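Analysis of the macromolecular model
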Amino acid sequence: MSTAVVTGGAGFLGSHLCEYLLERDWRVICLDNLDTGSLENIERLRGDAFDFRYHNCVEFIDVAEPVDVVFHLASPASPVDYLRLPLATLKVGSYGTHNALGLAKFKRARFLLASTSEVYGDPEMHPQQEEYWGNVNPVGPRGVYDEAKRYSEAMTMAYHRQQGVDTHIARIFNTYGPRMRQHDGRAIPNFLSQALAGKPITVFGDGSQTRSFCYVDDLIEGLFRLATSDYHLPVNVGNPNEMSLLELAEKVVALTGTRSEIVFEGLPIDDPKVRQPDITRAREILGWEPKVSLDEGLRRTIESLGRTPVPA
Ligand code: UDP
């Protein structure tokens, strides 16, 4: 039986990863300080193979058992959260990543860093390939997250090159699915909770900015394949199906059958204008690509909220 440590294991992605591993007969040690994660996310994960430990990865990570893979997912990840928790975000990206890498080195375990498309900032290359260095404002409000993740990537590569740790870096693009918090602040949970409550759907700016949304099950499969690969440079993991935020809002209206109107609000500072992963590398190295369409993924997410989507 293999053992994984999942930092941020009670978060949105973390809880899905824990579930994925348990289904494949892994033993899972889930670490979380519940800043943005919750026990609700992991309440169905019981049994001897699952071990939740309340822990902030900014502090030394003490694990007695042998470990095969450290999945380092801990971090606030929604813009509203990292704007609310700027120092915690910087600390978990720096000290937290250092501790998680130190654990992997000590245990001779594989290490996977959950990095982000935010390392590309407001990109001047479109779609974004992994070779692109990005366009980040270090002193803007999003800089706390973007720079923490860029530093995490640099530290991960240093542990690989200097210390020989078997590291992997996933650049995760916008992901959605069941268990995102209703008040997460990100576009899909906002739009869905607004639509299902019959409230106005808040599109920021004129809605022409684009994103590309990946269903959570696809994303987790990509993370697992990367962690167990022999590839060490960053790999984009996301769905290349790009759309404008206005198109997304219209899709949510159609799938929920809501009478909510779409309203326009101010665009947040440094909000990237476009975002779409080039996933050539993931296709070639991992044999991976997303399988769940946006319609299907949104339907599943609506159902997870106890509601019935409009029939296809
Ligand atoms: N957005 C929006 N309305 C909302 C929440 C977000 O129009 O209620 C926009 C946001 O300005 C951005 C896009 O949706 O252009 C995606 O935002 P999100 O917070 O989901 O993640 P980001 O991609 O910015 O990290």
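Here the structure is shown first, and the text comes after it.
Report on the accompanying structure.

Brief notes about the environment of Asp 48
With respect to the helices and strands, Asp 48 occurs in the loop between α2 (39–42) and β3 (50–54). Along the sequence, Asp 48 and Arg 27 sit 21 residues apart, while their C-alpha atoms lie 8.1 Å from each other.

Looking at the packing of helix α4 (residues 86–107) against helix α5 (residues 143–163)
With their axes 9 Å apart at the nearest point, α4 and α5 run at an angle of 15° to one another. When the axis of α4 is compared with that of α5, the two are roughly parallel. Helix-helix and strand crossings are classified by hand; for α4 and α5 the assignment is right-handed. When α4 is examined against α5, the residues Pro 86, Thr 89, Leu 90, Gly 93, Ser 94, Thr 97, His 98, Leu 101, Gly 102 and Lys 105 are found in contact with a partner set consisting of Val 144, Tyr 145, Ala 148, Tyr 151, Ser 152, Met 155, Thr 156, Tyr 159 and Gln 163. Here the contact of α4 with α5 is composed, by residue class, of nine nonpolar, nine polar and one charged.

A look at the sheet that holds strand β1 (residues 3–7)
Overall, parallel pairing links the seven strands, which are arranged β3-β2-β1-β4-β5-β6-β11 in an open sheet. Strands with a single pairing partner mark the edges of an open sheet, and in this sheet they are β3 and β11 (235–237). Across this sheet, the average inter-strand angle for adjacent strands is 20°, counted without regard to direction. Two elements, strand β4 (residues 69–72) and strand β5 (residues 110–116), share four bridges in a ladder whose sense is parallel. Paired with Val 70 across the strands is Phe 111, a residue of β5. Sheet strands in contact with helix α1 (residues 12–23) are β1, β2 (27–32), β3, β4 and β6 (167–172), and its direction is about 170° off that of β1. The sheet contacts of helix α7 (residues 216–227) involve β4, β5, β6 and β11, and relative to β6 the element is tilted by about 160°.

Structural notes on the packing of aromatic side chains
Under the counting rule described, the total for this entry stands at six aromatic pairs. Aromatic side chains Tyr 120 and Tyr 132 sit 6.0 Å apart centroid to centroid with 20° between the ring planes, which places their arrangement in the stacked category. Note that Tyr 120 is positioned in the loop between β5 and α5 and Tyr 132 in the loop between β5 and α5, a separation of 12 residues in sequence. Each of the two residues, Tyr 120 as well as Tyr 132, counts as buried. One aromatic cluster in this structure is built from Tyr 20, Trp 26 and Phe 224.

Considerations on the packing of helix α6 (residues 187–196) against helix α8 (residues 245–256)
In contact at an axis separation of 10 Å, α6 and α8 are set at 40° when each is read in the N-to-C sense. Comparing their axes, α8 and α6 come out oblique. Once α6 is placed against α8, the crossing between them reads as right-handed. Residues Ala 187, Ile 188, Phe 191, Leu 192, Ala 195 and Leu 196 of α6 form the contact with α8, whose own contacting residues are Leu 245, Leu 248, Ala 249, Val 252 and Thr 256. The residue inventory of the contact of α6 with α8, partitioned by class, reads 10 nonpolar, one polar and no charged.

Quick look at the nonpolar core
Core analysis: the largest hydrophobic core is formed by 58 residues, its most contacted members being Leu 21 and Phe 71. What Leu 21 contacts, discounting residues up to four positions off in sequence, is Ala 4, Val 6, Trp 26, Val 28, Phe 71 and Phe 224.

With respect to the layout of surface pockets
Volume-wise, the second largest pocket comes out at about 320 Å³. For the lining of the second largest pocket, the elements supplying multiple residues, two or more each, are α2, α6 and α10 (294–304). Sort the elements by how many residues they give to the lining of the second largest pocket and α6 lands first, with four residues.

Regarding the site of the ligand
The ligand sits among 18 residues. The nearest are Thr 202, Phe 204, Arg 211, Asp 271 and Arg 275. Within the side chain of Asn 190, an N or O atom sits 2.8 Å from an oxygen atom of the ligand. At 2.6 Å from an oxygen atom of the ligand is found a side-chain nitrogen or oxygen belonging to Asp 271. Taken together, the elements giving at least two residues each to the shell around the ligand come down to α6 and β8 (201–204).

Conventions adopted
- Each chain carries its own residue numbering, running from 1 in the written order of its sequence.
- Predicted model: local features are reported for residues with pLDDT of at least 70 only, side-chain atom pairs are reported and counted for 80 or more only, and whole-chain, interface and lining totals are derived from all residues.
- Side-chain measures were taken over the full set of non-hydrogen atoms in the model, leaving aside hydrogen atoms and water.
- The helix and strand labels rest on DSSP assignments: H or I over at least four residues marks a helix, E over at least two residues marks a strand, and numbering proceeds from the N terminus.
- Under this scheme, a helix contributes an axis fitted over its contacting stretch, all axes are lines through C-alpha atoms, and angles between N-to-C directions fall in the 0 to 180 degree range.
- In what follows, roughly perpendicular refers to angles from 65 to 115 degrees, roughly parallel to angles under 35, roughly antiparallel to angles over 145, and oblique to any angle outside these ranges.
- Each helix crossing is assigned a hand: it is left-handed if the near helix lies turned anticlockwise from the far helix by less than a right angle, otherwise right-handed if that turn is clockwise.
- Residues count as neighbours in contact if any of their non-hydrogen atoms are within 4.5 Å of one another.
- The nonpolar class holds Ala, Val, Leu, Ile, Met, Phe, Trp, Tyr, Cys and Pro. Asp, Glu, Lys and Arg form the charged class, and all remaining residues, Gly among them, are polar.
- Pairs of strands are assigned from DSSP output, requiring at least two bridges between the strands.
- Here is the rule: rings of Phe, Tyr and Trp (six-membered ring for Trp) pair when centre to centre is within 6.5 Å. Planes less than 30 degrees apart are stacked, more than 60 are edge-to-face, and the remainder are tilted.
- The buried label goes to any residue with under 20% of its type's maximum accessible area, the exposed label to any with over 50%, and the partly exposed label to all in between, with areas taken from a 1.4 Å probe on protein chains only.
- We define a nonpolar core as any set of buried Ala, Val, Leu, Ile, Met, Phe, Trp, Tyr and Cys residues linked to one another through side-chain atoms lying within 4.5 Å.
- Using a grid of 1 Å spacing that covers the protein atoms alone, one calls a set of points a cavity when a 1.4 Å probe fits there but cannot get out, and a pocket when the set is open and has protein on both sides within 12 Å along at least five of seven lines; lining residues are those with an atom within 4 Å of a point.
- Grid points are joined across faces, edges and corners, and a volume is the space filled by probe spheres set on the points.
- The near set for a molecule or strand comprises every residue that places at least one heavy atom within 4 Å of it.
- Nitrogen and oxygen atoms within 3.5 Å of one another constitute a polar contact, given that in protein one can donate a hydrogen and the other can accept it, and given that sequence-neighbouring residues count only through two side-chain atoms.

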